[in-house]
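# Secondary and tertiary structure notes
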Amino acid sequence: MKRRTFDILMAAAGLFLAVTLIFAGVMALWASNFIGNEVHTQLAAQQIYFPAANSKAVAAPEFAAMRQYGGQQLTTGAQAEVYADHFIANHLKAIGGGKTYSQLSAEAIAQPKNAVLAGEVATVFKGETLRGLLLNAYAFGTMGTIAGIAAIGAFIAAAVMLVLSGLGLLHARRVSPEAEVLSGHPAHTPAPGPSPVHANGQQPSDTGLAAAAGTRPA
């Protein structure tokens, strides 16, 4: 294959890949922005605020992760994860004695007259529901972050492919039209000219030519 043809084909493939990466980057960026906006909007609508960093509500060691967001409104997936796992979860452990909603519910069914236990079941159910919703927001927020990173990676890869394709086209313009892919230079046959002569200036005989070729004269 001619080197120029090869360069043009590779450059065309690179341009196609670059366009594909740009499209993928645009879609990933759109997904990142959409998810981020949705998570922010839905969480902000709940009007949840972190206790102040110096509040007694987060003074215990198990609430240490809460203090970094002291007094802030909960609007991001990262904040939702902290609130769910380091605030609600700790309170639920204290209320239910470390038991899950399903365990408490089973005990309440076995003790239908136990009003205190029934109250604990209701409270734990509400807490677990809110915690689950917040963790879902955290999961979607993380997906949005990953989509944003993927978009950046796609744009960088597309830029690299565009540069490489441009270099390939530039090389195709400079390379000899007859250059081959493997040899790198055009194949050629020896130019016609006089037969080789001996040092004494005489033409070699048929016998000498045959001997030089490794064959015997007929």
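Scroll up to find the structure this text is about.
Residues take numbers from 1 onward in each chain, read along the sequence in its written order. The predicted origin of the model limits local features to residues at a pLDDT of at least 70 and limits the giving and counting of side-chain atom pairs to 80 or more, whereas totals for whole chains, interfaces and linings rest on all residues. Remark: hydrogens and water are excluded; side-chain values derive from all non-hydrogen atoms of the structure.

### So, the overall build of the protein chain
Within the protein chain one finds 5 helices and 0 strands. Secondary structure elements are taken from DSSP: a helix is a run of H or I of four residues or more, a strand is a run of E of two residues or more, and numbering for both begins at the N terminus. Along the chain direction, N to C, the helices and strands of the protein chain fall in the order α-α-α-α-α. Here the protein chain holds 218 residues, and 27% of them are scored as buried. In the protein chain, 66% of the contacts between residues at least 6 apart in sequence involve partners at least 24 apart. Working definition of accessibility: Shrake-Rupley area with a 1.4 Å probe, residue cover restricted to the visible protein chains. Here the protein chain has roughly 14,400 Å² of accessible surface; of this, 66% comes from carbon and sulfur atoms. For the exposure calls, accessible area comes from a 1.4 Å probe over protein chains only, and a residue counts as buried if that area is under 20% of its type's maximum, exposed if over 50%, partly exposed in between. A contact between two residues is defined here by any heavy atoms of the two lying within 4.5 Å.

### Side note on helix α4 (residues 115-174)
The end-to-end C-alpha separation of α4 is 89 Å, in line with the 88 Å expected for 60 residues at 1.5 Å each. Counted as a polar contact is a pair of N or O atoms within 3.5 Å, where, for protein atoms, one must be capable of donating a hydrogen and the other of accepting one, and residues adjacent in sequence contribute only when both atoms are in side chains. For α4, the N-terminal cap is Asn114; the gap from its side-chain oxygen to the backbone nitrogen of Val116 is 3.3 Å. The span one expects for a helix is its residue count, reduced by one, times 1.5 Å.

### Points about the nonpolar core
Leu43, Phe50, Met66, Leu74, Tyr83 and Leu134 are the most contacted members of the largest nonpolar core, which has 24 residues in total. Elements represented by at least two residues in this core include exactly α1 (3-45), α2 (77-96), α3 (101-110) and α4. Here this core takes 7 residues from α2, the largest share from any one element. Leu43 has contacts with Leu74, Thr75, Thr76, Gly77, Ala80, Leu134 and Ala137, leaving out every residue within four places of it along the chain. Nine residue types can take part in a nonpolar core, namely buried Ala, Val, Leu, Ile, Met, Phe, Trp, Tyr and Cys, and a core is a set of them joined through side-chain atoms within 4.5 Å.

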